Amino acid sequence: MGSVEEAQKLVKQSPAQAEAILKEIIAKQPALNEEALKEYELALMELGGLYRDARRTDELAELIQTSRSVMSSFAKAKTAKIVRQLIDLFTTIPDTLDIQIAVTKSCIEWAVSEKRSFLRQNLETRLVGLYLQKQSYQEALLLINNLLRELKRLDDKMMLVEVQLLESRVYHALRNIPKSRASLTSARTSANAAYCPQLMQAGLDMQSGILHAEDKDYKTAFSYFIEALEGYSSQDETAKAVAALKYMLLSKIMLNLTDDVKQILTGKLAIKYAGRDIEAMKAVAKAHSNRSLAQFEQALSDFKAELGMDPFIRSHFNALYDTLLEQNLVRVIEPFSRVEIEHVAKLVGLGTQQVEGKLSQMILDKVFSGVLDQGSGCLIVFDEVGRDRAYDAALETIEKLSTVVDVLYANQASLLD
């Protein structure tokens, strides 16, 4: 029988031969000594890595299932670690969300049958995260409620923080901001009661920044995103660090501080994480600085994946697009007292129907005074009329007369008594 070292050497040259050696090792029940168990674990992870690199998801799922019977004789902590590591192998394979959920559910059932509570709780927490990615929010909340009841009773602070943070993210995805904020406050309270790992702290800071941004408090949000970026960067979580950097730039764009965006982009961390994501934010910042709707739309089109896939960035850029559109329309209609809507649409480079709807909204929001003449397809703009002081004087007179009448009534009532 070959060894793991031999299989490792053959992985690149002859993957099929390496697979055969590793399968032979894990097919046999390992001896109950530390060296044999370590050899078995190493073979298991090597074979899992082989399937991951070849994107053989079905074989990887089957490996997890078949290895569980052998792991029943392992220590509970060791089993939990191996199962988590094997499921982690799926994360680098694209479009495997459904199979990850199926495998995790299967492992939860096995953990219940083996009465391994710690492993079950870990896997259920992972399943919540997978449900969140799949946007199955009701299933996620159902699982969260059961976990919270159990973890509060066990007083497991670290896992409690993780579940409460996930709960905050689920409620935020559902746009229930008050409940999201309440869950985050609970998570921070639990984190303060015990040691909080840096990665977890970065997650809390990231969520705090997101919720502050939802309240349009971009200045506070920015400070939280800095903390999150430093935390993720120190733990080599590249994807999350890039997201935090993007959110920092978003905060500065929303605050209309484009000079600060340039300063951030020349910083050490921005250079470290340079790529299409950062270029996308740079293009948006430039469009916003130039007050150019065409450049903004071009940036959204050129960097569709980088800007459109993140719901947080997408929602804030929708608001930014509306602001830019308003500013462009106000600038275009400023010289006119009467103008065709079609002409305004041509000047801003948008469809007539879209421009008409936006102008209607702006009139209702009292951005400017005017009326839409749908019969002739024109916008009639009125001159801004200042507030007539006579109205204020009349209101003040009526208020004083009311006070006099009240005093006279009170005096008359006292005489009658």
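One structure accompanies this document, and this report is about it. In this text the structure is predicted, and so the values were computed from the model without any measurement.

**Observations concerning the packing of aromatic side chains**
By convention here, two paired aromatic rings are described through the distance between centres and the angle between planes.
Argument step 1. The full count for this structure, using the stated rule, is 5 aromatic pairs.
Argument step 2. Ring centres of phenylalanine 296 and phenylalanine 317 lie 6.0 Å apart, and the angle between their planes is 75°; this geometry places the pair in the edge-to-face category. Of this pair, phenylalanine 296 sits in helix H17 (residues 293-302) while phenylalanine 317 sits in helix H19 (residues 311-333), and the two are 21 residues apart along the sequence. Phenylalanine 317 matches phenylalanine 296 in its accessibility class, with the two residues each being buried.

**Concerning the nonpolar core**
Argument step 1. Core analysis: the biggest nonpolar cluster contains 61 residues, and Met206, Phe317, Val355 and Leu379 have the highest contact counts within it.
Argument step 2. Apart from residues no more than four positions distant in its own chain, valine 355 is found in contact with Leu329, Ile341, Val344, Ala345, Val348 and Leu350.
Argument step 3. In terms of nonpolar packing, the next biggest core, distinct from the first, is built from 54 residues, Tyr51, Ile93, Leu119 and Val163 among them.

**Some details on the pattern of salt bridges**
Argument step 1. Scanning all chains against the criterion turns up 16 salt bridges.
Argument step 2. Ionic pairing is found between arginine 126 and aspartate 88, a salt bridge with its closest N-O pair at 2.7 Å. Within this pair, whereas arginine 126 is found in helix H7 (residues 117-134), its partner aspartate 88 is found in helix H5 (residues 76-88), the two being separated by 38 residues in sequence.
Argument step 3. Judged by its relative accessible area of 35%, aspartate 88 falls in the partly exposed class.
Argument step 4. One salt bridge in this structure joins arginine 120 and glutamate 150, with 2.4 Å as the shortest N-O distance. Residue arginine 120 is located in helix H7, and its partner glutamate 150 is located in helix H8 (residues 137-154); the two are separated by 30 residues in the primary sequence.
Argument step 5. The class for arginine 120 is buried, based on a relative accessible area of 13%.
Argument step 6. The class of glutamate 150 is buried, set by a relative accessible area of 15%.
Argument step 7. Via salt bridges that share partners, Arg120, Glu124 and Glu150 belong to a single interconnected network.

**Observations regarding H7**
Residues that lie three or four places apart on an α-helix share one face, since the helix turns once every 3.6 residues.
Argument step 1. Between its first and last C-alpha atoms H7 spans 25 Å; for 18 residues at 1.5 Å apiece the expected length is 26 Å, and the two agree.
Argument step 2. Buried residues dominate H7, accounting for 14 of its 18 residues.
Argument step 3. Looking one or two places after H7, you find glutamine 135, whose phi comes out positive at around 65°.

**A short note on the pairing of strand E2 (residues 370-373)**
Argument step 1. Judged by which residues are buried, E2 turns out to be one-sided: Gly370 and Leu372 face inward and are buried, whereas Val371 and Asp373, on the alternate face, are not.
Argument step 2. Looking at chain direction, E2 and strand E3 (residues 378-381) are connected through 4 bridges and run antiparallel. The residue bridging leucine 372 from the neighbouring strand is leucine 379, located in E3.
Argument step 3. Counting the residues that bridge the hairpin from E2 to E3 gives 4 residues, and of these glycine 377 lies at a positive phi of roughly 65°.

**Focus: the environment of glycine 49**
Argument step 1. Mapped onto the secondary structure, glycine 49 falls in helix H3 (residues 34-53).
Argument step 2. Note: C-alpha distance between glycine 49 and valine 242 (193 residues apart in sequence) is 26 Å.

**Here we look at the sheet that holds E2**
Argument step 1. Read from one edge to the other, the open sheet built from 3 strands follows the order E1-E3-E2, with strand pairing classed as antiparallel. Two strands close off the open sheet at either side, each with one partner strand: strand E1 (338-340) and E2. Recorded for the sheet is a direction-independent mean angle of 20° between the axes of neighbouring strands.
Argument step 2. The sheet contact formed by E1 and E3 spans 3 bridges and is antiparallel. Bridge assignment links arginine 338 to a residue of E3, and that residue is isoleucine 380.
Argument step 3. Strands in contact with helix H21 (residues 352-364) are E2 and E3; relative to E2, the strand with the most contacts, it is inclined by about 145°.

**Here we look at helix H20 (residues 341-348)**
Argument step 1. Among all positions in H20, only Ile341, Val344, Ala345 and Val348 are buried. End-on view of H20: buried residues confined to an arc of 100°, all on one side of the axis.
Argument step 2. Turning to H20, the residues buried within the fold contact H19, E1, H21, E2 and E3.

**Notes on the packing of helix H13 (residues 238-254) against H19**
Argument step 1. Close contact between H13 and H19 brings their axes to 11 Å; oriented N to C, the two are set at 15°. Judged on the interaxial angle alone, H19 and H13 are roughly parallel. When the axes of H13 and H19 are compared, the crossing they make is left-handed. Residue-level contacts link Lys246, Tyr247, Leu250, Ile253 and Met254 of H13 to Phe312, Ile313, His316, Phe317 and Leu320 of H19.
Argument step 2. Taken together, the residues that form the contact of H13 with H19 break down as 8 nonpolar, 1 polar and 1 charged.

Reading the values: rules and limits
Residues numbered from 1 in each chain as written. Predicted model: local features only at pLDDT ≥ 70, side-chain atom pairs only at ≥ 80, totals over all residues. Heavy atoms only, no water. Phe/Tyr/Trp six-rings, centres within 6.5 Å; stacked < 30°, edge-to-face > 60°. Helix = DSSP H or I, 4+ residues; strand = E, 2+ residues; numbered from the N terminus. Buried < 20%, exposed > 50% of the residue type's maximum accessible area, 1.4 Å probe, protein only. Core = buried A, V, L, I, M, F, W, Y, C linked by side-chain atoms within 4.5 Å. Contact = heavy atoms within 4.5 Å. Salt bridge = Lys/Arg side-chain N within 4 Å of Asp/Glu carboxyl O. Expected span 1.5 Å × (residues − 1). Pairing = 2+ DSSP bridges. Axes fitted to C-alpha atoms, helices over the stretch in contact; angles between N-to-C directions. Arc of directions from axis to C-beta. Parallel < 35°, antiparallel > 145°, perpendicular 65-115°, else oblique. Left-handed = near helix turned anticlockwise from the far one by under 90°. Nonpolar A, V, L, I, M, F, W, Y, C, P; charged D, E, K, R; others polar.

So far we have only geometry, and geometry alone does not tell us how the molecule works.
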